[in-house]
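Single-letter residue listing:
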Amino acid sequence: MKLQRNGRTKALAIGAVALVSSLSLAACGSDNNSNTNGGNSSSSASGGASPAAAIACASKQAPFLGAGSTAQGTAIDQWKTLYGAACSGSTLSYNGVGSGAGIQQFNQGKVTFAGSDSALKPAEVDASKAVCPGGQGIDLPMVAGLVSIIYNVDGVPNLVLDGPTIAKIFDSQITKWNDPAIATLNPGANLPAADIQAFHRSDDSGTTQNLTTYLSKAGGGAWKYPAAKTWAGQGGQSAAQSSGVASQVKAVKNSIGYAELSYAQTNNLKSAQIATGASKPVEATAANAATTIGNAQIVGTGSDLALSLDYATKADGAYPIVLVTYEIVCDKGNKADTLDTLKSFLTYTVSDAGQAAIGDKGYVPLPKAVADKVKAVIPTLA
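So, a few notes on the structure that sits alongside this text. Bear in mind the structure is a predicted one, so any value in this text is a computation, not a measurement.

## Observations regarding unusual backbone geometry
For step 1, the next point in the chain: In this model, Ser172 sits at a positive phi of 60°, which is unusual for a non-glycine residue.
For step 2, the next point in the chain: Not every positive phi belongs to a glycine, and Asn268 is a case in point at roughly 55°.
For step 3, the next point in the chain: Residue Asn268 is classed as exposed on the basis of its relative accessible area, which comes to 68%.

The following block contains the structure:
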């Protein structure tokens, strides 16, 4: 992820144990399930979600629009169910078109907020000033998770891969499942002498940017392209959005792709373990991603909370291919008719209850140090 670094980079000192324990937070504590602004309270989401805490509806409710990241699609669905039940006048319509298209729609003034799995680039910040009178677009971390290397190979329940091997597979440098590089990482595995069917995203995607950032940092030089939202690897087949990649991998034997953990879980797909140089390969779990995300650094300035993640981590139990989805809003110049609703919704999603509501959907609750900074910025939006 290419970010402008502040010389006063702030480390987020948070213990991995504390962060992992937050995965099982119940949406309770000081919240009391009563609505403070006359909205209809909701004690639970559909499908057995965690109980909803008190949601402070906007004094001036309004329907609002969002677009962008598919990585946070399941989280948004969960939140809008809970929030919409409590605040019936604040209906959210979210279009999962991918991070790149979401930023484009935000900078065209078409949506209230955009979701992106990578922080705004300087050119995108400059473009946002046209739709944020007196201000600019900023990145607010809201959804944390991981990119899973999903695969469909019969007889291989526990596949291990490393950065260079993943890079070569997705760049058509390794084309057979029984290639020596894969076999070395998987002694005793029944690897077929079959062609590898590799799937990548066809749309501009923050998920792609996070994967290619990992390949650039941990690929040992095997990935020859810059980290980017647009896929640059050679060969393979493409599919639209994470749901499309997951569907193709599920349907096609001897295939491999990448998608957020929630899509792997929903489609009952296996996820490769990653050999990082740690004492043993690291599984693609929310707890292991939490170890990496807990060591993130804030590199944005002012109200911008863009993060830097260590994709080349070799720490035990630290899954390296992680992502943070940002909600992109104006620091100043948000549309007056939806500003109160936007602030109300974001206040809920970053709350302990909001983060807990997506904890069983393949996501990682934000580290407290990050969440507290987001909570401080939201009231200042204008």
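## Structural notes on the pattern of salt bridges
For step 1, the next point in the chain: Overall, the coordinates contain nine salt bridges when judged by the stated rule.
For step 2, the next point in the chain: Measuring nitrogen to oxygen at the nearest pair gives 2.6 Å for the salt bridge that ties Lys176 to Asp195. Note that Lys176 is positioned in the loop between α5 (163-170) and α6 (180-185) and Asp195 in the loop between α6 and β7 (197-201), a separation of 19 residues in sequence.
For step 3, the next point in the chain: Overall, Lys176 belongs to the partly exposed group, its relative accessible area being 34%.
For step 4, the next point in the chain: Relative accessible area serves as the criterion here: at 41%, Asp195 is assigned to the partly exposed category.

## A word on the packing of α5 against helix α7 (residues 206-218)
For step 1, the next point in the chain: In contact at an axis separation of 9 Å, α5 and α7 are set at 125° when each is read in the N-to-C sense. Between α5 and α7, the crossing angle belongs to the class labelled oblique. As α5 packs across α7, the resulting crossing turns out to be left-handed. Between α5, through Gly163, Pro164, Ile166 and Ala167, and α7, the contact on the second element is made entirely by Tyr214, Leu215 and Ala218.
For step 2, the next point in the chain: Residue classes in the contact of α5 with α7 are distributed as six nonpolar, one polar and no charged.

## Regarding the state of the cysteines
For step 1, the next point in the chain: Within this structure, the stated rule accounts for two disulfides.
For step 2, the next point in the chain: A disulfide bridge connects Cys57 with Cys87, and the sulfur atoms are separated by 2.0 Å. As the torsion about the S-S bond is roughly -90°, the Cys57-Cys87 disulfide counts as left-handed. With Cys57 in the loop between α1 (16-21) and β2 (64-68) and Cys87 in the loop between α2 (73-86) and β3 (92-95), this pair connects stretches of sequence that are 30 residues apart.
For step 3, the next point in the chain: Linked covalently through their sulfurs, Cys132 and Cys330 form a disulfide whose S-S length is 2.0 Å.

## So, helix α10 (residues 286-293)
For step 1, the next point in the chain: The element α10 is extensively covered by neighbouring structure, given that seven of its eight residues are classed as buried.
For step 2, the next point in the chain: For α10, every residue scored as buried is listed here: Ala286, Asn288, Ala289, Ala290, Thr291, Thr292 and Ile293.

## Regarding the side chain of Thr338
For step 1, the next point in the chain: Summarising the element assignment, Thr338 is placed in helix α11 (residues 336-349).
For step 2, the next point in the chain: With residues up to four places along the chain from it excluded, the contact list for Thr338 reads Ala62, Pro63, Phe64 and Thr112.

## Digging into the pairing of β2
For step 1, the next point in the chain: The buried fraction of β2 is high, at four of five residues.
For step 2, the next point in the chain: Between the parallel elements β2 and β3, the chain passes through α2 in a crossover that is right-handed.
For step 3, the next point in the chain: Inspection of the sheet shows β2 paired to strand β4 (residues 113-116) by three bridges, in the parallel sense. Note that in β4 the partner of Gly68 across the bridge is Gly115.

## Some thoughts on the packing of aromatic side chains
The description of an aromatic ring pair rests on the distance of the ring centres and on the angle between the ring planes.
For step 1, the next point in the chain: Taken as a whole and judged by the stated rule, the model has 10 aromatic pairs.
For step 2, the next point in the chain: Note on Phe64 and Phe113: the rings are 6.4 Å apart at their centroids and 45° apart in plane angle, and the pair reads as tilted. Remark: Phe113 occurs in strand β4 and Phe64 occurs in strand β2; sequence separation between them is 49 residues. With respect to class, Phe64 is no different from Phe113; both count as buried.
For step 3, the next point in the chain: An angle of 65° between the planes, with centres 5.4 Å apart, marks the rings of Phe64 and Phe345 as edge-to-face. With a gap of 281 residues between them, Phe64 in strand β2 and Phe345 in helix α11 connect regions that are remote in the sequence.

How each quantity is defined
Residues numbered from 1 in each chain as written. Predicted model: local features only at pLDDT ≥ 70, side-chain atom pairs only at ≥ 80, totals over all residues. Heavy atoms only, no water. Buried < 20%, exposed > 50% of the residue type's maximum accessible area, 1.4 Å probe, protein only. Salt bridge = Lys/Arg side-chain N within 4 Å of Asp/Glu carboxyl O. Helix = DSSP H or I, 4+ residues; strand = E, 2+ residues; numbered from the N terminus. Axes fitted to C-alpha atoms, helices over the stretch in contact; angles between N-to-C directions. Parallel < 35°, antiparallel > 145°, perpendicular 65-115°, else oblique. Left-handed = near helix turned anticlockwise from the far one by under 90°. Contact = heavy atoms within 4.5 Å. Nonpolar A, V, L, I, M, F, W, Y, C, P; charged D, E, K, R; others polar. Disulfide = S-S within 2.5 Å. Right-handed = clockwise from strand over helix to strand, strands pointing away. Pairing = 2+ DSSP bridges. Phe/Tyr/Trp six-rings, centres within 6.5 Å; stacked < 30°, edge-to-face > 60°.

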